[in-house]
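# Fold and contact review
What follows is each chain in one-letter form.
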Amino acid sequence: MTTVPKNAPKTAPPIAPKPAPKPAAELSAAEARRIALRAQGFLGAPDRRAGVRGVLRHLGQVQLDTISVLARSHELIPYARLGAVGRTTVEEAYWSDGHAFEYWSHAACILPVEEWPLFAFRRRAYRDRPHWHHELSDGSYAKVIDQLRAEGPRTATELGGAKNKGEWWDWSDTKIAVERALMYGEVVVTERRGWKRVYDLAERAIPESLRHDSFDDTECVRRLVRQAGEALGVGTRTDIADYHRLKAEQFDAVVADSGLVPVTVEGWGKPAWADPAALATEPRGRHRTTLLSPFDSLIWERARTERIFGFTHRLEAYVPKPKRVHGYFAMPVLAGGRLVGRVDPAREGRTLVAKQVSLEGPKAVPAVAQALREAAEWVGCDTVRVERLDPPELTPLLVKALDA
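As the structure is a prediction and not an experimental result, all values here were calculated from the model.

Rules used throughout
Residue numbering note: each chain is counted from 1, following its sequence as written. Local features in this predicted model are restricted to residues whose pLDDT is 70 or higher, and side-chain atom pairs enter the listing and the counts only when it is 80 or higher, whereas totals over whole chains, interfaces and linings include all residues. Only hydrogens and water are set aside; all other atoms, that is, all heavy atoms of the structure, feed into the side-chain values. Helix and strand labels come from DSSP, where a helix needs a run of H or I of at least four residues and a strand needs a run of E of at least two; each type is numbered from the N terminus. Relative accessibility thresholds used throughout: buried, under 20% of the residue-type maximum; exposed, over 50%; partly exposed, between the two (1.4 Å probe, protein chains only). For this analysis, residues touch if any pair of their heavy atoms sits within 4.5 Å. Polar contacts, as counted here, are pairs of nitrogen or oxygen atoms within 3.5 Å of one another; within protein the pair requires one atom able to donate a hydrogen and one able to accept it, and residues that are adjacent in sequence qualify only if both atoms are side-chain atoms. Whether two aromatic rings pair depends on their centres lying within 6.5 Å, for rings of Phe, Tyr and Trp, where Trp uses its six-membered ring; planes under 30 degrees apart make the pair stacked, over 60 edge-to-face, and the rest tilted. Any Lys NZ or Arg CZ found within 6 Å of a ring centre and within 35 degrees of that ring's normal is scored as a charge over the ring. Residue-level confidence of the predictor is summarised by pLDDT, bounded by 0 at the bottom and 100 at the top. Any two strands are treated as partners once DSSP identifies two or more bridges connecting them.

## Some details on the environment of T383
With respect to the helices and strands, T383 occurs in strand β15 (residues 383-386). With a relative accessible area of 37%, T383 lands in the partly exposed category. The sequence separation of T383 and D242 amounts to 141 residues, and the corresponding C-alpha distance is 39 Å. Look past the residues within four positions of T383 in its chain and what remains in contact with it is R350, T351, L352 and A376. A polar atom in the side chain of T383 sits 2.8 Å from the side chain of T351.

Written as structure tokens, this is what we have:
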């Protein structure tokens with residue numbers, strides 16, 4: 001059985017939301033867009049001294065995903081904000097010296113270790129009601145815990161095997177046990193090795209000062225709402241709640257005490273909240289020009305992306321190939337604070353292949369060419385080849401810009 005801290009508070013009763021105060025500011029659509037861009041690290045000078053760890057702490061999470069085209073998504077996130085950070089440097093920044101752990105937030109995410117106490121509410125919920133139907137044989141849970149205690153960090157394979165002989169979801173008792181211990185908080189994912197989770201005991205991996213469940217559910221949610229609001233700059237109820245996959249009613253119960261302030265945004269048509277620090281100064285500085293992972297928190301929520309940028313984007317990796325419009329892993333191109341096109345990339349040796357490029361118009365050509373050249377250099381390619389462009393009549397302009 002899992003060990004639940006004696007000081008773990010019980011789930012707090014529901015709290016009725018307070019009446020919404022009057023908006024603290026009225027923002028134009030352009031002001032809201034610039035606030036969001038600065039909050040996400042795309043407007044103004046990047047904090048290179050804080051580096052990858054600074055990006056992670058500021059965003060509060062970086063989503064993981066199995067798809068790897070130019071690089072995996074968690075590598076693309078700091079690249080988009082900082083430029084050509086070495087990929088080994090990115091991995092070391094995440095996983096060395098106990099700076100981060102992996103847990104369920106917006107999805108499977110890398111989280112700064114300081115946020116461990118904030119997810120106590122989720123660990124308690126999993127202990128009370130595990131959300132899967134895998135059966136676990138007697139003694140399997142204790143065996144995994146004992147093995148990790150004796151042998152140190154291990155993958156599920158090293159613990160005895162991740163799968164049985166059935167389909168891919170046919171987990172072994174070992175895998176079921178260690179994933180359950182992860183959900184409960186007795187085990188922590190401390191890194192990915194060959195894309196396999198590496199598990200360790202929380203008592204070893206999480207600093208003692210952070211290894212507590214002393215925040216009740218309401219306090220956990222309140223702090224996560226504040227963190228999400230700061231990371232987004234400005235957002236609707238759905239935007240902010242979805243950042244850490246909170247329920248709307250959880251957001252409603254704490255937003256009045258979160259420190260975020262209500263605002264209205266031109267054209268949004270729904271209530272919004274902002275980080276007061278984001279309202280205190282006008283967003284200024286240089287805009288980043290870059291390719292964005294579809295799992296980047298700037299654009300991962302389609303409705304928000306459409307509302308802020310007037311840009312409809314859908315990840316088509318899971319769409320049947322004949323029905324794809326922009327490509328398997330189409331990456332939006334950010335330039336001048338706007339989304340100006342899409343690139344579906346691939347690699348062939350030292351060539352970055354733009355299998356499909358979709359442009360919003362001829363003014364997007366220089367920015368897309370710059371983004372492609374910089375991405376190619378980052379992943380070790382020395383040439384860029386464009387296979388298809390929409391609209392096709394812009395192909396000569398893009399090829400010329402790439403050769404410039």
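The structure having been displayed, the exposition proceeds.
## Let's talk about the packing of aromatic side chains
One pass over the full model with this rule turns up 10 aromatic pairs. Summarising the aromatic geometry, the rings of F101 and W116 are spaced 5.3 Å apart at their centres and angled 70 degrees between planes, so their arrangement reads as edge-to-face. Taken as a pair, F101 in strand β3 (residues 100-104) and W116 in the loop between β4 (108-112) and α5 (120-128) lie far apart in primary sequence, 15 residues in all. Here F101 and W116 have matching classes, each one buried. We note R123 situated over the ring of W116; from NZ or CZ to the ring centre the distance is 3.9 Å.

## So, the environment of T351
Within the fold, T351 resides in strand β14 (residues 351-359). Looking at T351, the relative accessible area reads 17%, which means it is buried. For the pair T351 and E377, spaced 26 residues apart in sequence, the C-alpha separation works out to 9.9 Å. Among residues more than four places away in sequence, those in contact with T351 are A346, C381, T383 and R385.

## A closer look at the confidence of the model for the protein
When pLDDT is averaged across the protein, the result is 91; 91% of the residues are at 70 or more. In the model, residues 1-7 has pLDDT below 50 throughout and makes 11 contacts with residues more than four positions away in sequence or in other chains.

## Description of the pairing of strand β6 (residues 187-193)
Burial analysis of β6 places 5 of its 7 residues in the buried class, which makes it a mostly covered element. Judged from the 6 bridges that link them, β6 and strand β7 (residues 196-201) form a sheet pairing that is antiparallel. Bridge pairing in β7 places V188 opposite D200. Linking β6 back to β7 in an antiparallel pair, the connection comprises 2 residues, with G194 at a positive phi of about 60 degrees.

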